[in-house]
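Secondary and tertiary structure notes
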Amino acid sequence: MPAITIQDIYAARDRIKDYIHVTDLHSSRLLGDISGNRVFLKPENFQKVGAFKFRGAMNALLAVDPEVRKRGVVTGSSGNHGQAVARAAQILGVPATIVVPQDASSAKTRAIAAYGAKLEHFGTSSVERIARAKMLAQEEGKYFVHPFDDPLVMAGQGTAGLEIYRDLPSVEAVLVPCGGGGLISGVATALKACNPDIKIYGVEPENSNSTYLSLRKGKRVPLDTIVTVADGVRTAIPGENTFPIEREYVEEVLLVSEEAIKKAVVFLLERCKMLVEPSGALSVAALLSGVFPEKNRTLVGFLSGGNLDVRQLSRWIEDASL
């Protein structure tokens, strides 16, 4: 039995509707010309906290027993989920602790602190920070919110899929960034319930390809080393709840190079006037680099977030190769 159903996503939509932004699709003629498709972008970089993660975090915190919630919440995150939990906790008036990696983006950690959460730096991998967050939650009697492998989080992310279908019922393919799988499993569940013929493509960096390898092997495969500018998808292994949904619904996982990711970030800023972080630009990297295998499709590229260190971006813009 799948971890979530379309009914769970409808319930999440009703639960969070007064808290989130509904992000309207943007068309891109230039991306369409380059890729040979009719292209729309789902700009979750315009979502509250600058990323889709707010949907899942808000759903999880609203759904939990208020008596449990008021003791406080804990999570482990590379940044965006941490911001989302911090902001959701701030809205609901509960304390939050966010465990981030030692090399976390300073832009993201500053935002987490600004939302009033307590920060702890620990380790560099998703396995390390999630384990630390779970331990803290247990020791302190607080509610742990998993960054991706929680059915409430997955259902919250799936509400973005409902919006895509509402705005573009003719959609034939959707390209979604892959990390732990919370976003793609939620979006795929929503879209496949609306129209089973819609194709769902994941996109991962070549250097952080746990979902790609896992789908090829037919089982969850951990990564020992992850080195990518796309910090939001530095996940060592897909989730236990997310992976079965990915196996059922994901057509293929497309891999993109580090150079392609950087070019996509600069392209989105220069040509689409959107500030999108590397993880959020993966779908555009797939279209620009030609790894998307289809033509003449009506498709949506999911822009998952916009929390980018502008100092990092300035270095890429100055790079003549981009």
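Shown above is the structure to which this text applies.
First, a word on scope: everything that follows refers to the structure included in this document. (Residues numbered from 1 in each chain as written. Predicted model: local features only at pLDDT ≥ 70, side-chain atom pairs only at ≥ 80, totals over all residues. Heavy atoms only, no water.)

The helix and strand inventory of the protein stands at 14 helices and 10 strands. Relative to a compact globule of 322 residues, whose C-alpha radius of gyration would be 20 Å, the protein shows 18 Å and is just as compact. Along the first, second and third principal axes, the C-alpha atoms of the protein reach 55 × 45 × 40 Å. The buried share of the protein, reckoned over its 322 residues, is 58%. Contacts spanning at least 24 positions in sequence make up 74% of the contacts within the protein whose residues lie at least 6 apart. (Helix = DSSP H or I, 4+ residues; strand = E, 2+ residues; numbered from the N terminus. Rg over C-alpha atoms; globule rule 2.2 N^0.38 Å. Buried < 20%, exposed > 50% of the residue type's maximum accessible area, 1.4 Å probe, protein only. Contact = heavy atoms within 4.5 Å.)

Ordered by their spatial adjacency, four strands build an open sheet running β5-β4-β3-β6, and the pairing between neighbours is parallel. Unpaired on one side and paired on the other, β5 (118–121) and β6 (143–144) mark the two borders of the sheet. Relative to β6, strand β3 (residues 73–76) runs parallel, the two being bridged by two bridges. Bridge pairing in β6 links V73 to Y143. Sitting on the sheet, helix α7 (residues 126–140) touches β3, β4 (96–100), β5 and β6, and the angle it makes with β3 is about 165 degrees. (Pairing = 2+ DSSP bridges. Axes fitted to C-alpha atoms, helices over the stretch in contact; angles between N-to-C directions.)

What follows deals with the packing of helix α9 (residues 182–194) against helix α11 (residues 242–249). Packed helix pairs are characterised by how far apart their axes lie and by the angle those axes make with each other. Contact geometry for α9 and α11: axes closest at 9 Å, N-to-C directions at 50 degrees. With respect to their mutual orientation, α9 and α11 come out oblique. Once α9 is placed against α11, the crossing between them reads as left-handed. Contacts from G182, I184, S185, A188, T189 and K192 of α9 reach α11 at T242, I245, E246 and Y249. Here the contact of α9 with α11 is built from residues that sort into four nonpolar, four polar and two charged. (Parallel < 35°, antiparallel > 145°, perpendicular 65-115°, else oblique. Left-handed = near helix turned anticlockwise from the far one by under 90°. Nonpolar A, V, L, I, M, F, W, Y, C, P; charged D, E, K, R; others polar.)

Turning next to the pattern of salt bridges. With the rule as written, the count across this model stands at 18 salt bridges. Between D14 and R13 there is a salt bridge, with the nearest N and O atoms lying 3.8 Å from each other. The partly exposed category is assigned to R13, whose relative accessible area is 39%. The salt bridge partner of K42 is E163, with a shortest N-O separation of 2.6 Å. In this pair, K42 sits in strand β2 (residues 38–43) while E163 sits in helix α8 (residues 151–167), placing the two residues 121 residues apart along the sequence. (Salt bridge = Lys/Arg side-chain N within 4 Å of Asp/Glu carboxyl O.)

Keep in mind these values describe shape, not function.
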